[in-house]
Amino acid sequence: MALVSCTTTMTDALEKPKLPETPEEWLDQLYIHLRDKRPQFLHRAQEALGAFPTDGDLLLLTALASLLEEKPDQSLRYLKRFEKRYFPGGDHWLLYTLTLAQQSRWGQAHRWLRHSSLSQYRSSTYLGRFVRLVWSWVKLWGIRIENEYRKAMIPSSDNKTDPLPAKTAHKVSDRSNRDSQVSDTTGAWPQKEEPSPLKNLARLNIQIPVQWVIPKVDDVYWADAAPHHNPNWYDLRSEWSHFSLLEGFDELLCLSSLRDVQTFWFQVETVRKVLKQFRGRVLLADEVGLGKTIEAGMVLKEYLLRGMVGRFLVLTPATMVGQWRDELVNKFEVHCATSYDSLLRTNPSAFWAQSRIIASLPTARRPENMEILTRQVFDLVIVDEAHHLKNRASQNWRLVNQLRKRFLLMLSATPVQNSLVELYNLLTLLKPGVFKTQAEFARTYVTPGKPRLPANRERLRDLMRDCM
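Residues numbered from 1 in each chain as written. Predicted model: local features only at pLDDT ≥ 70, side-chain atom pairs only at ≥ 80, totals over all residues. Heavy atoms only, no water.

When you go through the protein chain residue by residue, the secondary structure sums to 24 helices and eight strands. Out of the 468 residues belonging to the protein chain, those deemed buried represent 40%. Within the protein chain, contacts between residues at least 6 apart in sequence are counted, and of these 65% link residues at least 24 apart. When the accessible area of the protein chain is evaluated, it comes to approximately 28,700 Å², of which 52% is carbon and sulfur surface. (Helix = DSSP H or I, 4+ residues; strand = E, 2+ residues; numbered from the N terminus. Buried < 20%, exposed > 50% of the residue type's maximum accessible area, 1.4 Å probe, protein only. Contact = heavy atoms within 4.5 Å. Areas by Shrake-Rupley, 256 points an atom, 1.4 Å probe, with all protein chains shown as cover.)

All right, on to the packing of aromatic side chains then. Following the criterion strictly, the structure yields four aromatic pairs and no others. Between the aromatic rings of tryptophan 106 and tryptophan 141, the centroid separation amounts to 6.4 Å while the plane-to-plane angle is 20°, which identifies the pairing as stacked. Residue tryptophan 106 is located in helix 7 (residues 106-115), and its partner tryptophan 141 is located in helix 10 (residues 135-153); the two are separated by 35 residues in the primary sequence. The burial state of tryptophan 106 is the same as that of tryptophan 141; both residues are buried. When the ring centre of phenylalanine 378 is taken as reference, the NZ or CZ atom of arginine 311 above it lies at 4.6 Å. (Phe/Tyr/Trp six-rings, centres within 6.5 Å; stacked < 30°, edge-to-face > 60°. Lys NZ or Arg CZ within 6 Å of the ring centre and 35° of its normal.)

Turning next to the pattern of salt bridges. One pass over the structure, following the stated rule, counts 10 salt bridges. For glutamate 69, the salt bridge is made with lysine 71, and the minimal N-O distance between the two is 3.7 Å. Of the residues examined, glutamate 69 reaches a relative accessible area of 39% and is grouped as partly exposed. Taking relative accessible area as the criterion, lysine 71 reaches 35% and is therefore assigned partly exposed. Residue arginine 306 pairs with glutamate 302 through a salt bridge whose shortest N-O separation is 2.7 Å. Given the relative accessible area of 0%, glutamate 302 is considered buried. (Salt bridge = Lys/Arg side-chain N within 4 Å of Asp/Glu carboxyl O.)

Here you go:
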């Protein structure tokens, strides 16, 4: 009996430890593994990735583990797998920069490094806690990238006596002048004076008209008439002067007022394009996860700050009403009434007369509500999941078509599901008459027998550029 008990105890002790069941548990274990400098970190990371092959954090962490063992080709494969599923961010940029460096592609690594300072990656990335553990290693690679790039750009002093081909002498002279701003060494490259090709060019007399706009006397008086003992007047005058310069949309006012929102460059450019090029009437058809809701919220906030929108209506599927309310309140500080409010049931006319409303499409299209809504005037209407308007004969399409609105934003990751005619129905809401009749659109732009395949692709793209 004693022998059996001892054997059983030894067997239990030799059993393999229980593997983590979630990616978060794997990340915690891998953090401890790296912190304690245990061997085979790459093998352990690959084991975690095998359990969850599509997890973005594990893909990036395995790429980092490959770089720690100086296997850049393997790291590059993991980064490419990440790019297929996720939008690249700070983690990806840092790892890609280090991968290029380990492949001795110093010029490209230096260009990537110039996009952002290396220090910001230490705290801003999702893998920040792992990066902090190997931060000295990362900094050494950053220094090496700078040094190798300088070596490539500054010629070696060993070559200063080498003869130069005649055809490249002028190019070398120009390059030497540029590099002199970086190097402290003088005379390390042969100087050869070449006749300037600009001497033979004719001089042109060009007159550039300049117009000075003098402020109105009333405006100057208004700014100077404030009591100077109150410092708040200075801030008000400063903001007033700043706003007077913002006639266009090159500078967005909403960016400084966002809360807990990480904006990407493509989102900012999309908002500028909606405001300037599309003039507030557009179909945003980004893929899922690229932040269409954030872009729509930024457009709404920009219009509100500029006083261009007073009343707006957001139409969403029933399950998204609460999410839209929370997003607008928490990230944009915009409070709205929703179709969940009891006022809608007790006094529908008073509810729909409010200036800021989020409502579900099924609620808004009810005959009793639609009759009230179509009498209202809105500055902006936002329609989420706009593919619900794909059928021209549906009540959803009729509701949005009959709403009296100045700006219209429609969001959909799948604007075409069965036929290009669905796209025609959506774009007709934005630009009525651009594609003429449905029959003519189908005849001109839809391939016979293949309703999803466009004909006259380039011409169709040109027409859609103004509204999609």
